Amino acid sequence: MAYGLVGALALVACNQLFSIEEPPPSESGNTVGPTTLGGANGGSGGNASITQTETTDNGGSGGSDPDGTPTSSSGGSEGNNTSDGGMSNTGGDTSTESMSSTRGANSTGGETSTGGTSTTDTTSTTDTTSTTDTTSTTDTTSTTDTTSMGGASSDTTTAVTVTTGVVDPPGPCEGEDLRGPKLIEIPAGTGIIGTGLEEDNAWPVINPDFDVFCIDETEVTVDQYQACVNADACEAPIDDIPGQCPEDSVRPGNHPVGCIDWERAHAYCAWAGKRLPNEKEWEYAARGEEGRPYPWGDDVPAEGLLNWDDIVGSTTPVKSYEDGATPEGVYDMAGNVWEWTESTWCSDYSEAPEECDSSVHVPRGGSFVSIDQFVNPAYRDGDNTPDERFGFRCAFGDGEVE
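Cut-offs used in this document
- Residues numbered from 1 in each chain as written.
- Predicted model: local features only at pLDDT ≥ 70, side-chain atom pairs only at ≥ 80, totals over all residues.
- Heavy atoms only, no water.
- Pairing = 2+ DSSP bridges.
- Helix = DSSP H or I, 4+ residues; strand = E, 2+ residues; numbered from the N terminus.
- Contact = heavy atoms within 4.5 Å.
- Axes fitted to C-alpha atoms, helices over the stretch in contact; angles between N-to-C directions.
- Buried < 20%, exposed > 50% of the residue type's maximum accessible area, 1.4 Å probe, protein only.
- Disulfide = S-S within 2.5 Å.
- Core = buried A, V, L, I, M, F, W, Y, C linked by side-chain atoms within 4.5 Å.

Describing the sheet that holds strand E19 (residues 390-391)
Then step 1. In spatial order, the strands read E18-E17-E19; together these three strands make up an open sheet with mixed pairing. The open sheet is flanked by strand E18 (357-364) and E19, the only strands paired with a single partner.
Then step 2. Inspection of the sheet shows strand E17 (residues 338-345) paired to E18 by four bridges, in the antiparallel sense. Residue pairing in the sheet places Trp345 in a bridge with Asp357 of E18.
Then step 3. Taken strand by strand, helix H2 (residues 262-271) contacts E17 and E18, and its axis lies near 100° from that of E17.

In structure tokens form, the structure reads like this:
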């Protein structure tokens, strides 16, 4: 057995950190913490010294993952100190809460001598599948070889994140290039359409089915319609009806636009990325699946609920009647201005579409001069001479089930 001074072995491990930041709705990223020969993941390495009679190997201290994940480490030395060239076997086991599997460092077996070789293989593999609104898959594939002073070498496998994601489809009221009023979601359901009264032109009562669709929160305003005119996508409001269009005074920009015929309303909705609602969709949005008598509920028309019966004498700004909105949050579906629908005129709901008058379209909801009967959301009107009382709102989505 030979005696001599053996040079100290110093090992430096690679500390590599990879992280991926993804945009909302979810973020995923995996990192592998630094690894030191003889120590726990993220901890400091052990100290090794050799004298003529004794070999001492102390385990490395524990540490933590780079993101602060607690790490438990056992880095103690196995067995007793061994003199006269005996074996010293040190290898700390490491477990982390991030599901990393780490194989501890293994020192060389039989004897330790100057220029000896120490090899450390540390492999960290993280496979993460995150399922929320986005699916993300992460794999680790990078290997680094490092050679330290005295001939020691280490191989460390570190994580490189490759992420693929599937973005959620847009919601029912979301779409590209939508313009005009905010859209309100109308839940799918079965409607109660009509009153059964001939004087309302709303008979017989029918029960069509509706997919979820969206309708404008308010009537289209003067300013919103003017944006379409400025874009050369809409004609200006009608201006050749004496005493009415143009009006005696300019209507403010936050009032519903008036002097609109069906063709102008149809053109605006197309420019806004939307469409006109058909009359059944319009009524379903106003009355809900329960068939409310009025947009707000059971109470008869009264001040504070709507602009009607020439009480104000003109239109009012949209959203002026908070208490008159539907439970879903749609405003002014009774009074203010008549609102065009896509539907053509049928005398009642028993007529087939081909029997309807294709030259006449149906407005709904009454205006600022309408009496109680006409602000009933089930009332259907075949008198559609477009004047200052006529405006519209748009819809979006599937709507009525054919």
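Topic: H2
Then step 1. If you check which residues of H2 are buried, you get Trp262, Arg264, Ala265, Tyr268, Cys269 and Trp271.
Then step 2. The inward-facing, buried residues of H2 contact helix H1 (222-230), E17 and E18.
Then step 3. Following H2 by one or two positions, Gly273 has its phi on the positive side, about 80°.

Notes on the state of the cysteines
Then step 1. A complete count under the given rule lists five disulfides for this structure.
Then step 2. Two residues share a disulfide in this structure: Cys245 and Cys259, whose sulfurs sit 1.9 Å from each other. With the S-S bond torsion at -90°, the cross-link from Cys245 to Cys259 turns out left-handed. With a gap of 14 residues between them, Cys245 in the loop between H1 and H2 and Cys259 in the loop between H1 and H2 connect regions that are remote in the sequence. There is no split in this pair, since Cys245 and Cys259 are both buried.

Here's the deal with the nonpolar core
Then step 1. One finds Tyr225, Ile260, Tyr268, Trp340 and Phe392 to be the most contacted residues of the largest nonpolar core, which totals 20 residues.
Then step 2. Of all the secondary structure elements, the ones that give two or more residues to this core are H1, H2 and E17.
Then step 3. In terms of residue count, H2 provides more of this core than any other element does, five residues in total.
Then step 4. If we ignore the near neighbours within four places in the chain, the residues touching Phe392 are Glu219, Val220, Tyr225, Val257, Ile260, Ala265, Tyr268, Cys269, Leu276, Trp338, Glu339 and Trp340.
Then step 5. Ile206, Tyr284, Ala286 and Met333 belong to the second largest nonpolar core, which has 14 residues in total.

Shape is all these values report; function is a separate question.
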